Each structure stands twice: as structure tokens, then as C-alpha cells.
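Inside the fold
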Amino acid sequence: MKAVLKTKREPGFTFGEVERPKPGLRDVVIKVKAAAICGSDLNFYVYEKGFCDAFIKELPFIPGHECAGEVVEVGRAVTHVQVGDRVAFDSHIPCGHCAQCQRGMPHTCMNMGLFGHNMNGCFAEYAMAMETGVRKLPPGMTFEQGAMLEPLGVVVRPVFYSEVGMANIGVAGCGAIGQFAIALARAMGANKIYAMDINEKRLALAKEMGATTVIDSGAQPEFAEQIKRETGGLDAFIDASGNESAINEGLKALHLGGKFMMVGNPKADLTIKNARTVLTLSEVNLRGNWGRSMFWTWERAERFLLSGKIDLTKIITHRFPLERFDEAFKVALGGEGCKVVFTFGEGE
Ligand SMILES: [Zn+2]
Ligand SMILES: [Zn+2]
């Protein structure tokens with residue numbers, strides 16, 4: 001089968017031919033119908049050494065983890081999907097029996113397979129994952145929508161936990177995840193939504209997704225002052241940037257007892273200024289977030305898309321066939337678009 005490949009521990013990918021995956025007992029093989037580029041795929045493309053060394057076990061490696069497709073083969077022990085089913089993969093593939101899985105948090109599994117990270121992914125004609133991470137698409141959902149469930153799902157819990165109904169909230173980082181957070185908060189009845197980013201195009205899109213005020217945090221890095229002045233302090237702040245300055249400003253922008261959702265991935269250690277004030281005395285409700293709860297999050301993400309409450313037409317800005325992967329990654333890296341999607345011939 002044709003696949004986008006990392007063949008050497010260096011920047012870039014190649015396009016080549018590898019063997020189609022053969023399912024083990026509990027594995028599901030799909031013909032990929034739609035796949036999307038995520039920020040973490042860019043780490044593989046540019047070759048962030050620490051990131052790549054932590055994940056890539058052997059070469060050649062197939063990147064990509066946001067996808068949907070049609071089941072073409074299943075292992076003998078697979079029970080809940082069959083050939084012909086339309087499915088999407090969660091990128092977290094839980095073992096089903098470790099302490100975290102037994103605690104009802106399989107998305108934090110201690111033996112987790114991370115699809116497209118520590119195992120081969122979906123930028124290929126076929127992809128394989130264990131049944132525990134496979135989700136059947138609801139009737140009426142397109143493959144392209146199906147491929148968006150994984151990234152959209154990332155912000156479902158942070159937005160629900162933020163209790164956004166008539167709340168004033170802030171979102172830092174307006175990549176696809178931040179845009180989804182804004183769109184969900186808008187759909188769920190947020191009052192004011194402040195969106196921060198350093199990229200003008202992303203801020204323009206944030207407005208379209210429902211932000212009421214956008215702030216260029218490159219020109220105005222100390223945005224908490226304006227927000228506090230205008231709102232008296234936010235009810236919730238969702239960081240989708242991982243940026244130290246934005247996180248500090250976000251904490252400052254909350255009112256006492258506000259909620260802070262960590263969604264972005266800081267690339268290095270963080271220094272929290274005035275930690276006693278903004279963390280302890282503020283009574284902040286700080287919450288981390290790793291992927292999607294399985295499968296509570298998926299149900300909700302599916303409903304948002306099927307109900308038309310989240311409009312993907314503005315989020316998916318570029319489409320490429322797989323063999324034009326290099327162009328696709330350059331567009332994604334350039335930050336001129338939002339979601340870049342690979343299409344596979346016949347599409348739907
Ligand atoms: Zn992703
Ligand atoms: Zn487990």
C-alpha cells in the first residue's frame with residue numbers, strides 16, 4: 001500500500017510502498033477515507049528530536065492519527081465491529097485491563113498505544129488499530145466529519161467543565177483545537193469569548209467561529225489587564241497554546257474561583273508568576289486534559305457535528321491527495337489555514 005513514511009531520523013517524509021497491516025487477534029484494519037494533519041504531526045515532519053525519539057520505535061514509521069474509514073479486515077477476537085463498518089479511531093488505544101483502565105479512565109491507560117505516535121498511523125491507504133480504540137460512526141456522518149471527531153473531542157471536556165453557559169471565557173491559541181473550543185463554547189451559549197493568538201488569520205477565523213473579542217497577543221502580550229477591565233474577571237480560561245506567557249495571563253484574567261483548563265502542551269518547564277496569588281489564593285480550579293474520555297466525549301462530539309452546531313466548512317481550509325503530502329505539510333506549518341485534510345480518491 002502507499003503511505004507517507006519517515007524512513008530516516010531526520011526532517012521530512014517520503015512517499016512509498018509498504019506492506020498492508022495484518023490484523024492480530026483484536027485488531028481492526030480500515031481503508032482510510034479521510035485523514036487530517038494535527039499539530040503533533042508537524043513535530044514528526046520537522047523532526048523535533050526529543051518528541052520523535054520518545055515515540056518512533058522503528059523505521060519506516062507512518063504518521064497520522066486523525067482519520068475515518070471503512071473496515072476491511074478484523075482479527076479473530078474482534079466482536080464489536082465488522083467488515084464494511086464505517087469507523088473512526090481514537091488515537092489513544094487502551095489495553096483495557098491496567099489500573100487506569102479499571103478506574104474508568106482508559107484514555108489514560110498505563111500501557112497505551114498512541115496511534116500514529118508509538119505505532120503506525122493513518123497517512124496511508126490502510127491503517128490498523130486495536131478494537132478498544134475503534135468507534136463506529138453514527139448514521140449520516142461523513143468520513144471527513146468522522147476524521148474531525150478526534151481533534152474536536154480534545155476540547156469537549158474542557159468546554160463542558162468550564163460551564164460556559166452565559167459565562168465569560170478566554171481561549172489562548174487559535175489553531176484547530178482553539179477554534180473548536182470557541183465554536184463549542186459558542187454553541188453552548190457562552191456570553192463573551194475572548195480569543196488570543198499571534199496570527200491575524202487565525203484571529204479572523206476565531207471571530208467567525210464565535211469569539212466576541214480577539215486580541216493579538218503578539219502586539220499585546222499582557223492581555224489580562226484589558227479582559228479584567230472589561231469583564232471583572234473571566235469565569236473560565238482554556239489554554240490551547242501551551243505558551244508560558246499566555247498561561248500566566250490566562251490565570252491573571254480569571255476572577256477568584258475561576259476555572260483554568262490546560263489543553264495545550266507546554267514545550268518546556270513553566271514559570272507561574274505570583275503563584276501564591278494566581279494559584280493558591282485565587283482558588284483557581286485547574287484541570288489537565290489528555291485526549292478524550294472514551295467514549296462519553298465521542299457521543300457529544302458526534303452530536304455537535306450531526307446537529308450542524310459546529311460548522312466544519314470554515315475549519316477545514318485545505319484538502320490534498322496523500323501523494324501531495326509535502327505541500328500539505330508546508331501549508332499546515334505555514335499557519336495560513338486551519339485543518340488540512342487528506343482525501344482518498346473516491347471520498348465518500
Ligand atoms: Zn491530534
Ligand atoms: Zn490500560
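Report follows, based on the coordinates.

Here we take up the layout of surface pockets. Where empty space is left becomes clear once a probe the size of a water molecule has been rolled over the atoms. Taken as a whole, the second largest pocket spans an internal volume of roughly 300 Å³. Around the second largest pocket sit 21 residues that line it, and Pro 21, Met 119, Asn 120, Met 128 and Ala 129 are the ones nearest its centre. When residues in the lining of the second largest pocket are grouped by element, the largest group, 5 residues, is from strand β8 (residues 126–130). Classifying every residue of the lining of the second largest pocket gives 15 nonpolar, 4 polar and 2 charged.

A separate point is the side chain of Asp 239. Tracing the chain through its elements places Asp 239 in strand β13 (residues 234–239). Among buried charged residues, Asp 239 stands out as having no salt bridge; its nearest opposite-charge side chain is Arg 202, 11 Å away. Not counting the four nearest positions on each side in its chain, Asp 239 is found in contact with Ala 172, Ala 246, Ile 247, Phe 260, Met 261, Met 262, Val 263 and Gly 264.

With distances of 2.1 to 2.5 Å, the protein atoms coordinating the zinc ion (ligand 1) are Cys 38 (SG), His 65 (NE2) and Glu 66 (OE). Along the chain, the residues donating to the zinc ion (ligand 1) fall in the pattern C-x26-H-E. Residue Cys 38 is located in the loop between β3 (27–36) and α1 (39–46), and its partner Glu 66 is located in strand β4 (residues 66–74); the two are separated by 28 residues in the primary sequence. For the pair shown, Cys 38 and Glu 66 are each scored as buried.

How each quantity is defined
Residues numbered from 1 in each chain as written. Chains lettered and ligands numbered in written order. Predicted model: local features only at pLDDT ≥ 70, side-chain atom pairs only at ≥ 80, totals over all residues. Heavy atoms only, no water. 1 Å grid on protein atoms, 1.4 Å probe; cavity = no way out; pocket = protein on both sides within 12 Å on 5 of 7 lines; lining within 4 Å. Points joined across faces, edges and corners; volume = space filled by probe spheres on them. Helix = DSSP H or I, 4+ residues; strand = E, 2+ residues; numbered from the N terminus. Nonpolar A, V, L, I, M, F, W, Y, C, P; charged D, E, K, R; others polar. Buried < 20%, exposed > 50% of the residue type's maximum accessible area, 1.4 Å probe, protein only. Lys, Arg positive; Asp, Glu negative; His and termini not counted. Salt bridge = Lys/Arg side-chain N within 4 Å of Asp/Glu carboxyl O. Contact = heavy atoms within 4.5 Å. Donors = N, O, S within 2.8 Å, 3.2 Å for Na, K, Ca; no water.

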